[in-house]
Amino acid sequence: GGPMALAFASLALVIHAFIAFFGTLVGSSVIGQWGIGMRAAFGNNMLFRWPCTSWEEVLTASNAAIGGPSTAAAFAAGLVPKTRNQKNNAIQNKYKRGLVLGATI
């Protein structure tokens with residue numbers, strides 16, 4: 001019934017959030033150490049740089065996994081706040097468009 005479905009959905013959401021949070025922390029640490037080792041072995045070139053993952057990207061991907069692409073796109077659109085600085089606002093709008101596009105694909 002209703003209470004059991006709520007308990008199951010809540011448990012699934014908590015486990016998903018835990019794995020997403022700690023998986024991101026551990027994964028970025030491992031990738032960072034791998035990149036340092038590769039740069040030490042082969043020289044400091046851009047070939048072995050791994051792009052940093054922001055928490056906005058992790059939250060959007062998590063929302064897409066749980067709620068689907070339509071909820072993730074709406075979530076991503078409201079995730080990045082606007083600033084008063086025109087140059088920063090243009091950069092944030094570009095970043096927001098990338099999050100929304102990534103959420104729907």
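The structure contained in this document is the topic of the report that follows. Computed from a prediction, not measured in an experiment: that's the story for all the values here. (Residues numbered from 1 in each chain as written. Predicted model: local features only at pLDDT ≥ 70, side-chain atom pairs only at ≥ 80, totals over all residues. Heavy atoms only, no water.)

Another point: the overall build of the protein chain. A tally of regular secondary structure across the protein chain gives four helices and zero strands. Scanning the protein chain from its N terminus toward the C terminus, one meets helices and strands in the order α-α-α-α. Contacts in the protein chain between residues at least 24 apart in sequence constitute 44% of all its contacts with a sequence separation of at least 6. (Helix = DSSP H or I, 4+ residues; strand = E, 2+ residues; numbered from the N terminus. Contact = heavy atoms within 4.5 Å.)

This model, assessed by the stated rule, comprises three aromatic pairs. Centroid distance Phe21 to Phe22: 4.9 Å. Interplanar angle 80°. Geometry classified as edge-to-face. When the centroid spacing of 5.3 Å and the interplanar angle of 20° are considered together, the rings of Phe21 and Trp55 count as stacked. On the criterion of sequence distance, the pair formed by Phe21 in helix α1 (residues 2-42) and Trp55 in helix α2 (residues 55-67) is long-range, its members being 34 residues apart. On the accessibility criterion, Phe21 (37% relative accessible area) is partly exposed. A network of ring pairs unites the aromatic residues Phe18, Phe21, Phe22 and Trp55 as a single cluster. (Phe/Tyr/Trp six-rings, centres within 6.5 Å; stacked < 30°, edge-to-face > 60°. Buried < 20%, exposed > 50% of the residue type's maximum accessible area, 1.4 Å probe, protein only.)

One way to put it is that helix α3 (residues 69-79) packs onto helix α4 (residues 86-104) with a least axis distance of 8 Å and a crossing angle of 170°. Taken together, the axis directions place α3 and α4 in an arrangement best described as roughly antiparallel. Residues Pro69, Ala72, Ala73, Ala76 and Ala77 of α3 touch α4, and the partners they reach there are Lys96, Leu99, Val100, Ala103 and Thr104. (Axes fitted to C-alpha atoms, helices over the stretch in contact; angles between N-to-C directions. Parallel < 35°, antiparallel > 145°, perpendicular 65-115°, else oblique.)

The subject of this paragraph is α4. Three- or four-residue spacings in an α-helix give side chains the same orientation, since the helix completes a turn every 3.6 residues. Counted at 1.5 Å a residue, the expected span for α4 with its 19 residues is 27 Å, and the 27 Å between its end C-alpha atoms agrees. Among the residues of α4, Asn89, Lys96, Leu99 and Ala103 are the ones counted as buried. Each buried residue of α4 lies within a common arc of 80° when the element is viewed along its axis, so the set occupies one face. In α4, those exposed residues whose orientation departs by more than 90 degrees from the buried face are Lys87, Ile91, Lys94, Arg97 and Leu101. Its buried side turned inward, α4 meets α2 and α3. (Expected span 1.5 Å × (residues − 1). Arc of directions from axis to C-beta.)

Okay, the packing of α2 against α3 next. Contact geometry of α2 with α3 gives a least axis separation of 7 Å together with a crossing angle of 155°. Classified by the angle their axes make, α2 and α3 are roughly antiparallel. Like other packed secondary-structure pairs, α2 and α3 cross with a definite hand, here right-handed. Residues Glu56, Leu59, Thr60, Asn63, Ala64 and Gly67 of α2 touch α3, and the partners they reach there are Pro69, Thr71, Ala72, Phe75, Ala76 and Leu79. Classifying every residue of the contact of α2 with α3 by side-chain character gives seven nonpolar, four polar and one charged. (Left-handed = near helix turned anticlockwise from the far one by under 90°. Nonpolar A, V, L, I, M, F, W, Y, C, P; charged D, E, K, R; others polar.)

The values reported here are purely geometric and, on their own, carry no functional implication.
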